[in-house]
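One-letter residues, chain by chain:
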Amino acid sequence: MTAPAGTALIRDDLLERDRSDPLAPFRDRFRLPEGVIYLDGNSLGPPSMNIGTRIGALLADEWGSDLVASWNRHGWFRLPERVGTRLAPLLGAGGDEVIATDSVSVNLFKLLAALLRRPGPGRVVLAEDTNFPTDLYMAEGLVSLLRESGARLRLVPPADFEGALGPDVSVATLTQVDFRTGRKHDLRRLTALAREAGIPIVWDLSHSAGAFPLRLNDDRVEFAVGCGYKYLNGGPGAPGFLYVAREFQQSLDTPLSGWMGHRAPFDFETRYRPAAGMRRFLTGTPGILSMVALEEGLRTFDGVDMEALRAKSEELGNVFLRLADERLTGFGVEAVSPRGARERGSQVSLRHPDAYPVMQALIARGVVGDFREPDLLRFGFAPLYVRYADVWDAVETLRDVLACEEHRAPRFQHRDAVT
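What this report covers is the structure whose coordinates are included nearby. Only a predicted model underlies this, so the values are computations on that prediction, with no experimental measurement involved. (Residues numbered from 1 in each chain as written. Predicted model: local features only at pLDDT ≥ 70, side-chain atom pairs only at ≥ 80, totals over all residues. Heavy atoms only, no water.)

### Here's the deal with the sheet that holds strand β10 (residues 347-351)
Through backbone hydrogen bonds, the strands of a sheet pair up, either in parallel or in antiparallel fashion.
(1) Moving on: Ordered in space as β9-β10-β13-β12, the 4 strands form an open sheet in which the pairing is antiparallel. At either margin of the open sheet sits one strand with a lone partner, and together these are β9 (334-335) and β12 (370-372).
(2) Moving on: In this sheet, strand β13 (residues 376-380) lies alongside β10 in antiparallel orientation, the contact comprising 5 bridges. Following the sheet pairing, S349 is matched in β13 by R378.
(3) Moving on: Here helix α9 (residues 306-327) sits on the sheet in contact with β9, β10 and β13, set at roughly 20 degrees to β10. (Pairing = 2+ DSSP bridges. Helix = DSSP H or I, 4+ residues; strand = E, 2+ residues; numbered from the N terminus. Contact = heavy atoms within 4.5 Å. Axes fitted to C-alpha atoms, helices over the stretch in contact; angles between N-to-C directions.)

### Focus: the pairing of strand β4 (residues 152-156)
(1) Moving on: Sheet analysis places strand β3 (residues 124-128) next to β4, joined by 5 bridges and oriented parallel. Paired with L126 across the bridge in β4 is R154.
(2) Moving on: For the crossover from β3 across helix α6 (residues 133-145) to β4, the handedness is right-handed. (Right-handed = clockwise from strand over helix to strand, strands pointing away.)

### Examining the pattern of salt bridges
Pairs can form between side chains of opposite charge once their charged atoms are near each other.
(1) Moving on: Within the structure shown, the criterion is met by 38 salt bridges.
(2) Moving on: For R78, the salt bridge is made with E81, and the minimal N-O distance between the two is 2.6 Å.
(3) Moving on: Residue R365 pairs with E406 through a salt bridge whose shortest N-O separation is 2.4 Å. In this pair, R365 sits in the loop between α10 (355-364) and β11 (367-368) while E406 sits in the segment after α11 (388-404), placing the two residues 41 residues apart along the sequence.
(4) Moving on: Within the structure, one salt-bridge network assembled from shared partners comprises R27, R387 and D390. (Salt bridge = Lys/Arg side-chain N within 4 Å of Asp/Glu carboxyl O.)

### Quick word on the side chain of H407
(1) Moving on: For H407, the position within the fold is in the segment after α11.
(2) Moving on: By relative accessible area, H407 is classed as buried at 3%.
(3) Moving on: Residues in contact with H407, not counting those within four places in the same chain, are H352, D354, P357, V358, A361, V401, L402, F412 and Q413. (Buried < 20%, exposed > 50% of the residue type's maximum accessible area, 1.4 Å probe, protein only.)

### Comments concerning the side chain of E81
(1) Moving on: Mapping E81 onto the fold places it in helix α4 (residues 79-91).
(2) Moving on: According to the relative accessible area criterion, E81 is buried, its value standing at 19%.
(3) Moving on: Polar contacts involving the side chain of E81 include one to the side chain of R78, which spans 2.6 Å.
(4) Moving on: With sequence-adjacent residues up to four places away left out, E81 is seen in contact with I99 and R279. (Polar contact = N/O pair within 3.5 Å; in protein donor to acceptor, adjacent residues only side chain to side chain.)

### Here's the deal with the nonpolar core
Soluble globular proteins tend to pack their nonpolar side chains together in the buried interior.
(1) Moving on: Core analysis: the biggest nonpolar cluster contains 120 residues, and L91, L111, V202, W203, L232, F379 and F381 have the highest contact counts within it.
(2) Moving on: When sequence neighbours within four positions are dropped, the list of residues in contact with L91 reads V98, A209, L214, R215, L216 and F241. (Core = buried A, V, L, I, M, F, W, Y, C linked by side-chain atoms within 4.5 Å.)

### Some words on the packing of aromatic side chains
(1) Moving on: Considering all chains together, one arrives at 12 aromatic pairs under this definition.
(2) Moving on: Judged by centre distance (4.8 Å) and plane angle (80 degrees), the ring pair of F132 and F179 falls under edge-to-face. Pair noted here: F132 is in the loop between β3 and α6 and F179 is in the loop between β5 (169-175) and α7 (187-196), with a separation of 47 residues, a long-range link.
(3) Moving on: Grouping aromatic residues by their ring pairs yields a cluster made of F77, W259, F266 and F268.
(4) Moving on: A cation over an aromatic ring shows up here: R279 above the ring of F77, its NZ or CZ 4.0 Å from the ring centre. (Phe/Tyr/Trp six-rings, centres within 6.5 Å; stacked < 30°, edge-to-face > 60°. Lys NZ or Arg CZ within 6 Å of the ring centre and 35° of its normal.)

### Quick notes on unusual backbone geometry
(1) Moving on: The amide bond that connects E373 to the next residue, P374, takes the cis arrangement and shows omega of 0 degrees.
(2) Moving on: You can see P374 is positioned in the loop between β12 and β13.
(3) Moving on: One non-glycine residue, N233, adopts positive backbone phi at about 65 degrees.
(4) Moving on: Its location among the elements puts N233 in the loop between β7 (223-226) and β8 (241-244).
(5) Moving on: Even without being glycine, F268 reaches a positive phi, approximately 55 degrees.
(6) Moving on: Overall, the relative accessible area of 60% leaves F268 in the exposed class.

### Digging into the environment of A24
(1) Moving on: Within the secondary structure layout, A24 lies in the loop between α1 (11-19) and β1 (37-38).
(2) Moving on: Taking C-alpha positions, A24 is 7.6 Å from R387, a pair spaced 363 residues apart along the chain.

Have a look at this one:
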């Protein structure tokens, strides 16, 4: 058992937790470098052990052998729906309500535009001013295109969001888990509140899907988007996904009417006719290599009890925060993530005035997290491959870096393009 509250944790406590962890065998599904503690799956998940074999088969036996016939022979044409169906149980959605396509940004634009163009008095897109920047950029670009119709973007502090759900709002967008702090919105409550006001919310689930169980149908969520390269382990630049509740699919017209969203794309008609169901939200030809990689990444969840995954996620964060309190006192570190596990996603962020060079020094030591402006050290806890002992070792390494002031070395001061 882990040491009780009031008793300092030791590493043996966490090794014992790893030995009894029901999710421990799933770590073998991932390709992880020896000697690296990977706490950045909230930014980019690691590859599965089978990804090389799957891509190799695609190159040799599909594209390399059957060439263009693979669109029919190997089911490439239906890959977006097939991947969406595999993803749907992780979202608590029906297989016919999810499709893999494009990026989060493009999918968000599609839904916001489709909802903003619907008849009604509201012409405002509502968002929190702390939302992930690309979501705000896409909303800003959309209202600039529709400015002549009175479209406007309203940004409010998180504390003011509920009060801003007024009659002039056409559509709102929220990210369930804050990318900086890991704070988790009450998706069910806010969805119900917005529905009562007649305002659809487009949820961004990029830091949610694969990190903890979602119940979009049960929570009566209408619209959502998310990415495939974080907790879903789909690889860099993996396709995003788009969810539309079944009742809204036929009445919603995407503004990006690409040929793959046509009812019969190979009829090559001059006029656009949207496909039935989720396929209408496709645009151009899907990237088959990346789509197959995402499909393989989703296989890492086969047989996973998502409730057990969430329980471990919460406990990893709790242990990290407890160790930070016990081991990092006096080093200028401040936890900014919620203390209550139910209020967090699957990450913990610490504030430090020298956060960027500190993170670079950590990475040089083999503890991989990331930095977010202006002063946040961010650590993601993907329960399928992060061990309890990894949390101990990460905090001890951070303590050693700060105690020895390694982060002050000139080589850690240079800012790379990706932080």
